[in-house]
Amino acid sequence: MRTAALFLILGLPLTANAANHGPVFGLATPTNSQGEWSFDQGVFGRNTNLGSQASVRELVGYGLTPHLTLSFTLPAVIGHTVLPPTRIQPGADFDTTLAWRFQHRATKVGTRFESTAFAGLALPGPQSGFDAIAPTTNLPGTMFGLVTGMASLSNYVWLGGTCTKFYEHDGDKRPDVFDYSLVYGYRPPKWRRPPDKWDWRLFGELVGERSHRFLQSNTPVANTQAHQVFVGPTALGIFHNYTVSFGAQFPVYQNVGSAFPKEHVRFALNFSYLLFQHGHSH
């Protein structure tokens, strides 16, 4: 009943990153504890010289085991600007993802090395069309990924990537998307706070995203390829079972076909709530 009530309060539908204990844009290793629910609500925007677009996203995650988390993403898109396909930045696709933290090794107090593998299904939603570029199928795609890194009381480093391959129908196909990220986080000693106060950390995030050309009637559609790299700062605050994260990213490399406008900035604001069953805690 508590879970159902929380769904009603949050609203469905309204961070790739289970439990959202880490960066905003890049990949990280956190997973939910066993029996833990996480509810994320965020706004993720993309701005170009032809207009802007924002994805209002709800992400629900559940810890099946201490190292295995199942999550669902439900988006709604505001704006009609046609942009390159995205997977690392929430867009119009519905996602189901299983995250398995297969390495969890503590080397000393407060320091651990972790690795997490991802597998999932991407289902294009009703707002996922690219008719202005290349009328094509909206069949789902499969996603596989890996991220590894280190976390301590003050420093965090994560490196990872995912690849999403969409299915083909009658020679029509959405482009496959490969994304990658490198994240560094810092939590100054003076910022460490007890549970009854906000605990903050800063991140520097680099993310890249490369997509192939659309396929229509078995023929690649010209000028629909894209490869972009973004860099920017983000921040994360934790208070009891609540977190807030926000940030912006700016392009440092862009090789985008003429069918798409170049992006000027990406931005994000995300809120999370963690719900433990039977009084369970981290």
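Here is what the cut-offs are and how they apply
- Residues numbered from 1 in each chain as written.
- Predicted model: local features only at pLDDT ≥ 70, side-chain atom pairs only at ≥ 80, totals over all residues.
- Heavy atoms only, no water.
- Helix = DSSP H or I, 4+ residues; strand = E, 2+ residues; numbered from the N terminus.
- Rg over C-alpha atoms; globule rule 2.2 N^0.38 Å.
- Buried < 20%, exposed > 50% of the residue type's maximum accessible area, 1.4 Å probe, protein only.
- 1 Å grid on protein atoms, 1.4 Å probe; cavity = no way out; pocket = protein on both sides within 12 Å on 5 of 7 lines; lining within 4 Å.
- Points joined across faces, edges and corners; volume = space filled by probe spheres on them.
- Nonpolar A, V, L, I, M, F, W, Y, C, P; charged D, E, K, R; others polar.
- Contact = heavy atoms within 4.5 Å.
- Pairing = 2+ DSSP bridges.
- Salt bridge = Lys/Arg side-chain N within 4 Å of Asp/Glu carboxyl O.
- Axes fitted to C-alpha atoms, helices over the stretch in contact; angles between N-to-C directions.

## Focus: the overall build of the protein
- A tally of regular secondary structure across the protein gives one helix and 16 strands.
- Computed over C-alpha atoms, the radius of gyration of the protein comes to 19 Å, within 12% of the 19 Å expected from 2.2 N^0.38 for 282 residues, which places it in the range of a compact globule.
- Across its three principal axes, the protein shows a C-alpha extent of roughly 55 × 40 × 30 Å.
- Considering the protein as a whole, with its 282 residues, one finds that 52% of them fall into the buried category.

## Examining empty space enclosed by the protein
- Approximately 40 Å³ is the volume attributed to the second largest cavity.
- Lining the second largest cavity we find R46, P84, P85, E209, S211, A226, Q228, E263 and R266.
- Every element with two or more residues in the lining of the second largest cavity is listed here: β11 (199-211), β14 (226-239) and β16 (263-276).
- Split into classes, the residues belonging to the lining of the second largest cavity amount to three nonpolar, two polar and four charged.

## Regarding the environment of H212
- Position of H212 among the secondary structure elements: in the loop between β11 and β12 (215-216).
- The partly exposed category is assigned to H212, whose relative accessible area is 48%.
- Each C-alpha atom, one on H212 and one on V256, is 11 Å from the other, the two residues being 44 residues apart in sequence.
- Other than its neighbours up to four places away in sequence, H212 contacts P175, D176, T224 and Q225.

## Some remarks on the layout of surface pockets
- Taken as a whole, the second largest pocket spans an internal volume of roughly 390 Å³.
- Looking at side-chain class alone, the lining of the second largest pocket contains eight nonpolar, nine polar and four charged residues.

## Topic: the pairing of β14
- Among the 14 residues of β14, 10 are classified as buried, and the element is accordingly described as predominantly covered.
- The sheet contact formed by β14 and strand β15 (residues 242-256) spans 12 bridges and is antiparallel. In the sheet register, H227 faces β15, and the bridge partner there is N255.
- Between β14 and β15, which pair antiparallel one after the other, the connecting turn spans two residues, and H240 there sits at a positive phi close to 55°.

## Focus: the pattern of salt bridges
- Under the criterion given, the structure shown has 12 salt bridges.
- Between E263 and R46 there is a salt bridge; the shortest N-O distance is 2.7 Å. One end of the pair, E263, is in strand β16; the other, R46, is in strand β1 (residues 36-48), with 217 residues separating them in the sequence. Here E263 and R46 have matching classes, each one buried.
- R101 serves as the salt-bridge partner of E114, at 3.6 Å between the closest nitrogen and oxygen. With E114 in strand β5 (residues 111-124) and R101 in strand β4 (residues 93-108), the pair connects residues that are 13 residues apart, well separated along the chain. For the pair shown, E114 and R101 are each scored as buried.
- Residues joined in a network through salt bridges with shared partners are R46, E209, E263 and R266.

## Considerations on the sheet that holds strand β7 (residues 155-166)
- Strands sit in the order β1-β2-β3-β4-β5-β6-β7-β10-β11-β14-β15-β16 around a closed barrel of 12 strands; the barrel is antiparallel. Neighbour-to-neighbour, the strand axes of the sheet open up by a mean angle of 20°, direction not taken into account.
- In this structure, β15 lies alongside β16, joined through eight bridges in antiparallel fashion. Opposite F246, over in β16, you have L269 as the bridge partner.

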